[in-house]
Amino acid sequence: MGASILALFGVVFAAAIADLLIPGEEKGGTRQFLHILCALTVLLLLLSPFLSLLHRADGFLEGEVEWEEGEVKKSDFEKQFSEAVANRSAAQLRQGLYALLEQQYGIDAADCEITVTLDGEGELRRIAVFLKGAALLQDPEEIKQDLLKRFSCDVEVR
């Protein structure tokens, strides 16, 4: 779109300069021909976005509308919805685990990294906690046993 506008300004600017450079002949001759030529050029530049739109709409005016190629099935939406819910659930669980570790063990969120793995149905499969920094002084086995009591999945604490 920017190139079309630039071309339009270029044509109008060139026409104005050419109009100033053509001598005499107020109404007729070369100046009249230049005005008609510039008007047609500007009209084509203004219509070019619409022409490209019509060119891309192959078969639009034929009367037949085919929906089967781009048709989205209900199962696709359900799959996307379940994935979105699972991702959000994993994020909320991760935030809750950060809060739990900070409250129970005094481990700051910057001193650990938590990954939560869900299966295809959104069920919790695995929790992994990687301690670093000041959190390395905590007993990983104690944290693991506490998380195993709370969750029924594989727990790894390092």
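Up top you'll find the structure we're talking about.
So, how was this worked out
Residues numbered from 1 in each chain as written. Predicted model: local features only at pLDDT ≥ 70, side-chain atom pairs only at ≥ 80, totals over all residues. Heavy atoms only, no water. Helix = DSSP H or I, 4+ residues; strand = E, 2+ residues; numbered from the N terminus. Buried < 20%, exposed > 50% of the residue type's maximum accessible area, 1.4 Å probe, protein only. Lys, Arg positive; Asp, Glu negative; His and termini not counted. Salt bridge = Lys/Arg side-chain N within 4 Å of Asp/Glu carboxyl O. Arc of directions from axis to C-beta.

Turning to the side chain of D111, a few remarks are in order. Within the element layout of this structure, D111 appears in the loop between α3 (74–105) and β1 (112–118). One buried charged residue, D111, remains without a salt bridge, the closest side chain of opposite sign being K132 at 7.3 Å.

The next subject is helix α4 (residues 140–150). Among the residues of α4, I143, D146 and L147 are the ones counted as buried. Here the buried residues of α4 occupy an arc of 95° about the axis, which is enough to place them on one side.

In this section: the pattern of salt bridges. Taken as a whole and assessed by the stated rule, the structure comprises three salt bridges. Residue R150 is joined to D146 by a salt bridge in which the shortest nitrogen-to-oxygen separation is 3.2 Å. Of this pair, R150 and D146 both sit in helix α4, four residues apart, which is roughly one turn of that helix. Here the salt bridges do not stand alone but share partners, grouping R126, E156 and R158 into one network.

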